[in-house]
Amino acid sequence: GSTDPLANPLPMATWSLLWIGLVFVHVLLGNVWVFINPWRAIDHLLGELSPGVKSEPAPILKYPMALGYWPAVALLIMLVWFENVSPSPQDPGLLANVVTGYLVLTIIGMRLFGRKIWLEHVEILSVYFRMVSWLAPVKWGVDEFNGRPARGRTAVNWPCAQLISLTPLTVSGTAFVLSALAAVSFDGFSHTFRWLGLVGANPLEYPGRTALIPFNTAGLIGACIALILAYWGAVTLGHTRDRQVADETGLGRKLAVSMVPIAFAYHLAHYLPAFLVEAQYAVRALSDPFNVGWDLFGTAHMHIKDSLRTHHLYIELSWYVQMAAIVIGHVAAILVAHIIALREVKAGSATAYRQIPLNVLMVAYTFLGLWLLSAPTV
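Q: I tried to follow the nonpolar core on my own but got confused; where do I start?
A: In globular proteins that are soluble, nonpolar side chains generally tend to be buried together. Judged by nonpolar contacts, the single largest core of 89 residues is most densely connected at Y128, M131, F176 and Y231. At 11 residues, helix α9 (residues 171-189) tops the list of elements feeding residues into this core. Non-local contacts of M131, meaning those with residues more than four positions away in its chain, are made with F176, V177, A180 and V260. Counting residues in each nonpolar core, the second largest holds 6 residues, with V277, Y281, I304 and L308 among its members.

Q: Which parts of the structure should I look at to understand the pattern of salt bridges?
A: Side-chain pairing between opposite charges can occur once the charged atoms of the two side chains come close. What the rule picks out here adds up to 4 salt bridges. Of the charged contacts, one joins R309 and D306 as a salt bridge, the two residues approaching to 3.4 Å between their closest N and O atoms. Taking relative accessible area as the criterion, R309 reaches 38% and is therefore assigned partly exposed. Using a relative accessible area of 31% as the deciding quantity, one classes D306 as partly exposed. The structure contains a network of salt bridges with shared partners spanning D43, R111 and R115.

Q: When you look at the environment of P289 in this model, what are you seeing that I'm missing?
A: Looking at where P289 falls in the secondary structure, it is placed in the loop between α13 (260-286) and α14 (312-345). Under the relative-accessibility criterion, P289 is labelled buried at 18%. Setting aside residues no more than four positions away along its own chain, P289 makes contact with G1, P9, W294 and L296.

Q: Where do I start with the packing of aromatic side chains in this structure?
A: Centre distance and the angle of the planes are the two values used to describe a pair of aromatic rings. Evaluated as defined, the whole model comprises 17 aromatic pairs. Relative to F275, the ring of F24 lies with its centre 5.4 Å away and its plane at 85°, an arrangement referred to as edge-to-face. Within this pair, whereas F24 is found in helix α1 (residues 9-29), its partner F275 is found in helix α13, the two being separated by 251 residues in sequence. Pair check on accessibility: F24 and F275 agree, each one buried. Both rings, one in F290 and one in W294, keep their centres 5.7 Å apart while their planes meet at 90°; by these two values the pair is edge-to-face. Take F290: its relative accessible area is 52%, and that puts it in the exposed class.

Q: Please clarify how helix α4 (residues 70-84) should be interpreted in this entry.
A: Structurally, the α-helix is built with 3.6 residues per turn, so residues lying three or four positions apart point the same way. Taking 1.5 Å per residue as the helical rise, α4 with its 15 residues ought to reach 21 Å, and the 21 Å between its terminal C-alpha atoms agrees with that figure. Within α4, the full set of buried residues consists of A72, V73, L75, L76, L79, V80, F82, E83 and N84.

Q: Before we go on, may I ask you to explain the packing of α9 against α13 in this structure?
A: The contact between α9 and α13 brings their axes to 9 Å, and the two run at 25°. Here α13 runs roughly parallel to α9, going by the angle between their axes. Relative to α13, the crossing made by α9 is left-handed. Of the residues in α13, those in contact with V177, L181, V184, S185, D187 and G188 of α9 are V260, I262, A263, Y266, H267, H270 and Y271. The residue makeup of the contact of α9 with α13, split by class, is 8 nonpolar, 4 polar and 1 charged.

Thresholds applied
- Residues numbered from 1 in each chain as written.
- Predicted model: local features only at pLDDT ≥ 70, side-chain atom pairs only at ≥ 80, totals over all residues.
- Heavy atoms only, no water.
- Core = buried A, V, L, I, M, F, W, Y, C linked by side-chain atoms within 4.5 Å.
- Buried < 20%, exposed > 50% of the residue type's maximum accessible area, 1.4 Å probe, protein only.
- Helix = DSSP H or I, 4+ residues; strand = E, 2+ residues; numbered from the N terminus.
- Contact = heavy atoms within 4.5 Å.
- Salt bridge = Lys/Arg side-chain N within 4 Å of Asp/Glu carboxyl O.
- Phe/Tyr/Trp six-rings, centres within 6.5 Å; stacked < 30°, edge-to-face > 60°.
- Expected span 1.5 Å × (residues − 1).
- Axes fitted to C-alpha atoms, helices over the stretch in contact; angles between N-to-C directions.
- Parallel < 35°, antiparallel > 145°, perpendicular 65-115°, else oblique.
- Left-handed = near helix turned anticlockwise from the far one by under 90°.
- Nonpolar A, V, L, I, M, F, W, Y, C, P; charged D, E, K, R; others polar.

Pasting the structure below:
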């Protein structure tokens, strides 16, 4: 196809439709990745085409469960680094190599350790989409690892209701949720005049991504570590002298799901302006994927409405949506955390006082999000 990132469907489809748009879909409709997961389909097909091998063979190696979700945490940070720190994430040739390498890694991992274990603990899209689907009002009665009907029917409930009934996350699962939030937050912060001033760069003479790789890499990793430590510190501080809670780590793992609404709120607020325009380029590029003059969907020559991120009216409307997402996400997080704490501690109004440190952290993060929306950026 074309070497122009705006005309080649791979960059636009990967970053705007898959990484941004599908997240929005999962929050509305539940875990639809169950039905469209290409990794599971390819693995199943390879099994069907291999003589004498079942479509889902027994694992060759046993996955070390002590690793938990840490491989997914590492892959998440690598993905965000490639998208937001590396010099050319939109380059079609480079992105094609990365996508191919990830496909090979995923297929080998499923074959070695088993499809269910790999998709549940390592494969980044499966883990991330499952996380944001907890916010959806729809819960599908389908096993996400084999696509077959599971116990329980498809259910419709209030948004975020699934968070309250989830089993506690592991420590690594908690780290994944917090890293997803911290990574997006730092990406927004890394474009501000404040950050560029801290690293000694003149924001009015932007030096380019390559010059900032060491600083942004350290900042991305540091932001993830800082939020993880701040979260555990807030949970521990609120319940250190609580005799009804013998294990602050266990309570912290249960409360971790309350951070998911904030993680999605930042995802929406951060990516919305880019998505509104880049999704249009994706639709246009998909109509002529190989740059040979096709018009498969009648959109190859569609006009791109770039004014969605340049006209003052659209900028204002977008800002209101972003601001509302951040505030509503934090309110939902505090409500979910309060309900979980009431069920766990069962100490009446005293529970509210024990939640003050965690609520302070959430409110402080609200201020950070609103400041990021208003701060001058490059």
